[in-house]
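Structural features, examined
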Amino acid sequence: MTPSPRPVTSVEDVYHTVEGAGLPVRRAFPTTRRMQHDPFLLLDHFGPVSWAPGEASGVPDHPHRGFETVTYILEGAMEHRDSAGGGAVLRPGDVQWMTAGAGIVHAEMPEADFKRRGGVLHGFQLWVNLPATHKMAPPRYQDIAADRIPAATSADGRVTARVIAGEALGARARIDTHTPIGYVHFTLRPGASIDHPVAPEQNTFVYVFKGEIRAGADAVTVGTTRLALFGGGTAVRLAVPETASGPAELILLSGTPIGEPVARYGPFVMNTHQEIRQAVADYQAGRMGRIRHGSTAQ
Ligand code: MN
C-alpha cells in the first residue's frame, strides 16, 4: 500500500521553565493551549545546559502515580534513586522507562562525578499516560543501556533511527509499552527522506533538536526546538534538503489515544478528582514510600 503522508497541522514554540531545584527545561507541552497529546502528557527538553563544577542541579525526591516517565539522556549523567530501593545512572544514549503505576517516590539528580567535574547535560523527559486499568499497577523499570537500543540505517545511509519504542527502518524496540507507542530518535543527513509508517488511529508529533527539517505532505520547515503536529494519514514524511549545511536530529512520538478523562495535579495523573485526592493523601501518609539516602547519596 502506498503510504499517505500526513499533513503538518501546526508548528509550535516551546516555553522555558525550571524543574525541581534549578534544571532549565524547554517544555513543549502541556501548555495553556494544549494539556496533552493523548496518550502523551508532557515533553521536556532539558538543556543543553553547561554546568560549572559543583553547580549541576536536578529534581530531588518527589512522587508519581498513574502514568510513566521516560528519560533519554543525550549528554551528561543523571542518577535515579527511588523508594523501592532502585537506583541507576543514566549516561548518553541510555533510556529509563519508569512505570510509576500505583506510586513511587524518586529523585532525578546529576550523577556525583558529573556534578563534581561539571559539563553539559542534555536530554528528554516524556510522560506517557496509562489507561485506567493500569494506573494502579505495581511500579516497573525498564533501564536500557545505549548499546542495547536497536538502531537501523536506511539503504542510502542518510537516515539513522534509534528505536526506543515501536519500530523504525525494520528495527524493533526492546521496551515493552502498555499501549501502542512509537518513540524514535532520527538523524537525517543532507538529502535524507523517509516515510515513517504511523498507524492512522495514532496521534503523532516530532520535536527537532538539531538543524532543520521539511515535514509532512507539504514539506513544512520545522527548525530547532520546534514541535510539529500531524493530521491524518498513514506515514510521517521527514526530509532534509541536499543543500542543508549539516544533519538534523529529532524525536518522533506516536501513540494510540487512550481517550479517558484526565485529572492531573502536579506529579499525579488519574481519571477523577477523587483519585487525585486519594493520591495526595497516600503520598502524605507515606504510602508511596520514602527514599533511603545512604552514604553514596550526594
Ligand atoms: Mn520524576
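Note that the structure is a prediction, hence the values are computed from the model and not measured.

Quick word on the layout of surface pockets
Taken as a whole, the largest pocket holds about 340 Å³ of empty space. For the lining of the largest pocket, the secondary-structure elements that each account for two or more residues are β3 (23–29), β4 (40–51), β5 (59–64), β7 (78–82), β10 (104–110) and β11 (119–129). Partitioning the lining of the largest pocket into residue classes produces 11 nonpolar, 8 polar and 6 charged. Its boundaries defined by the atoms lining it, the second largest pocket holds a volume of some 200 Å³. As for the second largest pocket, its lining consists of 14 residues, and the residues nearest its centre are Gly166, Glu167, His196, Pro197 and Ser254. Where the lining of the second largest pocket is concerned, the elements lending two or more residues are β15 (167–168), β17 (181–188) and β18 (193–197). Across the lining of the second largest pocket, the residue classes tally to 7 nonpolar, 6 polar and 1 charged.

Structural notes on the environment of proline 110
The topology assignment puts proline 110 in strand β10. Sequence separation between proline 110 and glutamate 79 is 31 residues, and the spatial gap between their C-alpha atoms is 5.7 Å.

What counts, and where the lines are drawn
Residues numbered from 1 in each chain as written. Predicted model: local features only at pLDDT ≥ 70, side-chain atom pairs only at ≥ 80, totals over all residues. Heavy atoms only, no water. 1 Å grid on protein atoms, 1.4 Å probe; cavity = no way out; pocket = protein on both sides within 12 Å on 5 of 7 lines; lining within 4 Å. Points joined across faces, edges and corners; volume = space filled by probe spheres on them. Helix = DSSP H or I, 4+ residues; strand = E, 2+ residues; numbered from the N terminus. Nonpolar A, V, L, I, M, F, W, Y, C, P; charged D, E, K, R; others polar.

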